[in-house]
Amino acid sequence: MNGPEIDFAWGGAGLTALHERCDAFVIVDALCFSTSVDVAVARGAEVLPFPLGKYGADEAARQGAAVLARPRRDAAGGPSLSPASLTALAPGTRLLLPSPNGSALSAMLRDRRGFAGCLRNATAVAAAVQQAGEKIAVIAAGEHWPGGSLRPAIEDLLGAGAILARLEGSLSAEARAARAAYREMKDELPATFRASLSGQELIEAGFPDDVEIAAQEDVSAAVPALQDGRYRDLARR
């Protein structure tokens, strides 16, 4: 089969293992980093990823002339990691977006091409990454258990699978399995997102709209591409 070699892995360890072998990566953190990035760049904003918990977010925002996204509970109607908080973001906004998973993975890409993928932009991102190199990887961010170990997240598996299902090339066994999971559950994505552990956590915390936004498939033509430390919409260039 013509096309790139396509792999799939979980989290930072997976990205590290594939970093030297792949030309481009798609980061899938559906609830909610990748979804939030898509919503923001689709409105003409730029997103600067920043690992949550790393000291100096306020200073980084000042140096980057960016608005700092606050924690959901402290945002007081302003921008946060919540996709719903970004639906009215002004075009041209530069947003520093701390997150525990997607932002940390973005920082690990270094010299590799990076894209933020999710259900919302699966077709658009797949079309862009199809041409991004001879070897590409889709990374499901996952979450973390209280002890710090990786907690596989079904919403990231399905988001990754949606993108993999739209790619043409030689898929690894892991990539085929993720694609198969998406194809098996593609007709029940909103319900699956709501029933997922991450979805339940957000719903119980009072953010059901974030889950609904993340579960929308192919509603965005944005292609969030990481360039010079910030995500911009490649489709606008």
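Here's what I pulled together on the structure shown here. (Residues numbered from 1 in each chain as written. Predicted model: local features only at pLDDT ≥ 70, side-chain atom pairs only at ≥ 80, totals over all residues. Heavy atoms only, no water.)

This part takes up the nonpolar core. Counting 40 residues, the largest nonpolar core has Phe115, Leu164, Leu167 and Phe193 as its most contacted members. Every element with two or more residues in this core is listed here: strand 1 (5-10), strand 2 (24-28), helix 5 (122-129), strand 7 (135-140), helix 6 (154-164), helix 7 (173-185), helix 8 (189-195) and helix 10 (208-214). It is helix 5 that provides the largest number of residues to this core, a total of six residues. By size, the runner-up hydrophobic cluster in this structure holds 29 residues, among which are Val39, Ala69, Leu81 and Leu226. (Core = buried A, V, L, I, M, F, W, Y, C linked by side-chain atoms within 4.5 Å. Buried < 20%, exposed > 50% of the residue type's maximum accessible area, 1.4 Å probe, protein only. Helix = DSSP H or I, 4+ residues; strand = E, 2+ residues; numbered from the N terminus.)

Bringing the side chain of Arg112 into the picture now. Here Arg112 lies in the loop between helix 4 (102-108) and strand 6 (113-117). Taking relative accessible area as the criterion, Arg112 reaches 18% and is therefore assigned buried. Among the polar contacts made by the side chain of Arg112, one reaches the side chain of Asp111 at a distance of 2.9 Å. Contact partners of Arg112, with chain neighbours within four places excluded, come to His19, Glu20, Cys22, Asp23 and Phe25. (Polar contact = N/O pair within 3.5 Å; in protein donor to acceptor, adjacent residues only side chain to side chain. Contact = heavy atoms within 4.5 Å.)

Before going further, it helps to spend a moment on the pattern of salt bridges. Here the structure, examined in full by the defined rule, presents 16 salt bridges. Across the salt bridge formed by Glu59 and Arg62, the nearest N and O atoms sit 2.7 Å from each other. Of this pair, Glu59 and Arg62 both sit in helix 3 (residues 57-63), three residues apart, roughly one helical turn. Linked through salt bridges whose partners overlap, the residues forming this network are Glu20, Arg110, Asp111 and Arg112. (Salt bridge = Lys/Arg side-chain N within 4 Å of Asp/Glu carboxyl O.)

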